[in-house]
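Residues per chain are reported as follows:
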Amino acid sequence: MITVIGATGNVGRPLVAGLVARGARPRILTRDPGRARLVPGAETVIGDLDAPRCADALLAGADAAFVVTAGPDAAAHDRKIAAAVARHGVRRVVKVTSVAALPPVHDSYGAAHAAAEDAYLATGAHCTFLRPAAFMSNTLQWSWSVTGSSTVFQPFGDLPQAVVDPADVAEVALRVLDAPGAGGCAYTVTGPESLTPRQRAQRLAAALGRSLTFVDAPPEQARRAMTDVGLPPAYVDGLLASQSDPDPARGALPLPTVRDLTGHPPRTFTAWLAAHVDLFR
Ligand SMILES: NC(=O)c1ccc[n+]([C@@H]2O[C@H](COP(=O)([O-])OP(=O)(O)OC[C@H]3O[C@@H](n4cnc5c(N)ncnc54)[C@H](OP(=O)(O)O)[C@@H]3O)[C@@H](O)[C@H]2O)c1
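Below, the structure is looked at part by part. (Residues numbered from 1 in each chain as written. Predicted model: local features only at pLDDT ≥ 70, side-chain atom pairs only at ≥ 80, totals over all residues. Heavy atoms only, no water.)

Focus on the overall build of the chain
- For the chain, the count of helices and strands is eleven helices and nine strands.
- A compact globule built from 281 residues should have a C-alpha radius of gyration of about 19 Å, and the chain, at 19 Å, falls within 12% of that.
- Each principal axis of the C-alpha atoms in the chain carries an extent, and together these give about 55 × 40 × 35 Å.
- By the burial criterion, 48% of the 281 residues in the chain qualify as buried.
- Put simply, of all contacts in the chain between residues at least 6 apart along the chain, 75% involve residues at least 24 apart.
- Summed over its atoms, the accessible surface of the chain is roughly 12,500 Å², and 56% of this surface lies on carbon and sulfur atoms. (Helix = DSSP H or I, 4+ residues; strand = E, 2+ residues; numbered from the N terminus. Rg over C-alpha atoms; globule rule 2.2 N^0.38 Å. Buried < 20%, exposed > 50% of the residue type's maximum accessible area, 1.4 Å probe, protein only. Contact = heavy atoms within 4.5 Å. Areas by Shrake-Rupley, 256 points an atom, 1.4 Å probe, with all protein chains shown as cover.)

Side note on the pattern of salt bridges
- Inspection of every chain in the model, using the stated rule, returns 18 salt bridges.
- In this structure, D158 engages R198 in a salt bridge whose closest nitrogen and oxygen atoms are separated by 2.9 Å. Note that D158 is positioned in the loop between strand 7 (151–154) and helix 6 (166–178) and R198 in helix 7 (residues 197–208), a separation of 40 residues in sequence.
- For R198, a relative accessible area of 28% translates into the label partly exposed.
- One salt bridge connects E171 with R175, and the closest N-O pair in it is separated by 3.8 Å. With a gap of four residues between them, E171 and R175 both fall in helix 6, about one helical turn apart.
- Since its relative accessible area comes to 32%, R175 is described here as partly exposed.
- Linked through salt bridges whose partners overlap, the residues forming this network are D168, E171, R175 and R267. (Salt bridge = Lys/Arg side-chain N within 4 Å of Asp/Glu carboxyl O.)

Points about helix 7
- Between its first and last C-alpha, helix 7 extends 16 Å over twelve residues, near the 16 Å set by a 1.5 Å rise per residue.
- Burial in helix 7 covers these residues: P197, R200, A201, L204, A205 and L208. Buried residues in helix 7, looked at end-on, bunch into an arc of 145 degrees, giving them a common side. The exposed set on the far side of helix 7, more than 90 degrees from its buried face, consists of Q202 and A206. (Expected span 1.5 Å × (residues − 1). Arc of directions from axis to C-beta.)

Now the structure itself:
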């Protein structure tokens, strides 16, 4: 049995759908099944990783775990999950981290992901780490200003990323889980082409059939927008440091990982836009 943590998110949802389509009945976690638009066919555990026994309830009896943690409490959640992986003798772990975890780490966001990788390795489980570039789905953060004022506000507008469709990250995870003995290493997972935020906004404008104004937002403005919604300043600083990292090895260069593991080329940003453009109208 496989436990999926982060099952209702950008990567977890297509992963669960893929597992169910293969005939598996994964055990999945959500805090709020009413909001989660759950994929039918899974065993649902309602819980919060902040709660002390949550990770044990999820991992008791599991052979494998797929793990996404998110947000400022992710590091604490990873420590709890890793401890439960060790306690329950879970044999395989596939964990989504980030290109920011590539050594040597440059910022606190990457350091948190690298520490999570170390915590899972210390459990003795067979571990595979997927280190994705920025997700295409981050584009949804523009929907409010695009629908309201045809404007995209984004810092670091000229720093390229080979943005990846989370569905491809999920499919890479499925291929690793499908083959016993596969993985046991870290994969950097990218999309097929390197695009700056400004170029992605131009693609979005083309998909919408109207012009958009791109504002290369000062990092301080982006920082304020995130702290104003309650994110801890230290977490926001790490996130922005990671987003401003010019090292091309951290997601700017398209890599063959998706093609090598899935047998098909990575999904394009244009295809992602075609599937989601109505959310920007
Ligand atoms: N966005 C990017 O560009 C990017 C790039 C590289 C790596 N990453 C990494 O990818 C991860 C995010 O993946 P994602 O986008 O698939 O996640 P997501 O869409 O933000 O989903 C978060 C998931 O975590 C669950 N969750 C959050 N807090 C929880 C809690 N306290 N207890 C239980 N479950 C909780 C949510 O479940 P419920 O809400 O249903 O409870 C949901 O399933 C992060 O580690 C991030 O650093 C992101």
